[in-house]
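Given next are the chains, with one letter for each unit.
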Amino acid sequence: LPGPFDVVASTCLLSQLIEGVCLTLGARHPQFLDLVFGIRQQHLKLLVQLLVPGGRLVLITDVVSSDTYADLKSITDAELKATLIRLINDRNFFTGLNPFALQSLLTTDPWLSPRVQEPRLVGPWRWQMVSRWYLVCALLARRSAFHVAG
């Protein structure tokens, strides 16, 4: 891509990249999690690399669907955050897409953390696609204003 850009947005692309691994290798493959975590890290790295210093990153990701949590379509908006936390604690979410882990990666990864400022979560909210419902979150951050090579 020709960047750098003032704003870079990833809109549910990360879940599609990870789904490809799920369908190709399967979750029982011995290197499944390593590959998922590698894709996740590289996706975040690419988003940051595409930003100008001071640019904004927006990562929107679906976290869980009504396939594994049928009550998603009927809970109230006020219950969404508590439900998200409970589902994460129950390990009922798409592999590699825990929004709290994504946020933590931006602050702990040796390559990402010096290049990213102010990572914060927005949401969750619900999104309906045909008969399936999704619980969705956004991760917002800013590329550090100082120049860092790479």
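Residues numbered from 1 in each chain as written. Predicted model: local features only at pLDDT ≥ 70, side-chain atom pairs only at ≥ 80, totals over all residues. Heavy atoms only, no water.

Student: Help me out: how do you make sense of the packing of helix H2 (residues 32-49) against helix H4 (residues 99-108) in this one?
Tutor: A pair of packed helices is characterised by two quantities: the angle between their axes and the separation of those axes. Viewed as axis vectors pointing N to C, H2 and H4 meet at an angle of 60°, and their least axial separation amounts to 11 Å. The angle between H2 and H4 places the two elements in the oblique class. The hand of the H2/H4 crossing is right-handed. On H4, the residues touching Arg40, Gln41 and Leu44 of H2 are Ala101, Leu102, Leu105 and Leu106. A class-by-class count of the residues in the contact of H2 with H4 yields 5 nonpolar, 1 polar and 1 charged. (Axes fitted to C-alpha atoms, helices over the stretch in contact; angles between N-to-C directions. Helix = DSSP H or I, 4+ residues; strand = E, 2+ residues; numbered from the N terminus. Parallel < 35°, antiparallel > 145°, perpendicular 65-115°, else oblique. Left-handed = near helix turned anticlockwise from the far one by under 90°. Contact = heavy atoms within 4.5 Å. Nonpolar A, V, L, I, M, F, W, Y, C, P; charged D, E, K, R; others polar.)

Student: Hey, could you run me through helix H3 (residues 80-89) in this one?
Tutor: Quick reminder: α-helices carry 3.6 residues per turn. Residues three or four places apart thus point the same way. Listed in full, the buried residues belonging to H3 are Leu80, Thr83, Leu84, Leu87 and Ile88. The buried residues of H3 all sit within an arc of 135° when viewed along its axis, so they share a single face. Those residues of H3 that are exposed and aimed more than 90 degrees away from the buried face are Lys81, Ala82 and Asn89. Those residues of H3 that are buried are in contact with strand E2 (51-65), H4, strand E3 (116-129) and strand E4 (132-143). A positive phi of about 65° marks arginine 91, the residue just after H3. (Buried < 20%, exposed > 50% of the residue type's maximum accessible area, 1.4 Å probe, protein only. Arc of directions from axis to C-beta.)

Student: Would you mind going over the pattern of salt bridges with me for this structure?
Tutor: When the charged atoms of two side chains lie near each other, side chains of opposite charge can form a pair. Scanning the entire structure with this criterion turns up 4 salt bridges. Arginine 132 is paired through a salt bridge with aspartate 67; the nearest N and O atoms lie 2.8 Å apart. Here aspartate 67 lies in the loop between E2 and H3 and arginine 132 lies in strand E4, a separation of 65 residues in the sequence. Given a relative accessible area of 34%, arginine 132 falls into the partly exposed group. Here arginine 126 ties to aspartate 77 by a salt bridge, and the two come within 2.6 Å at their closest N and O atoms. (Salt bridge = Lys/Arg side-chain N within 4 Å of Asp/Glu carboxyl O.)

By themselves these figures say nothing about function.
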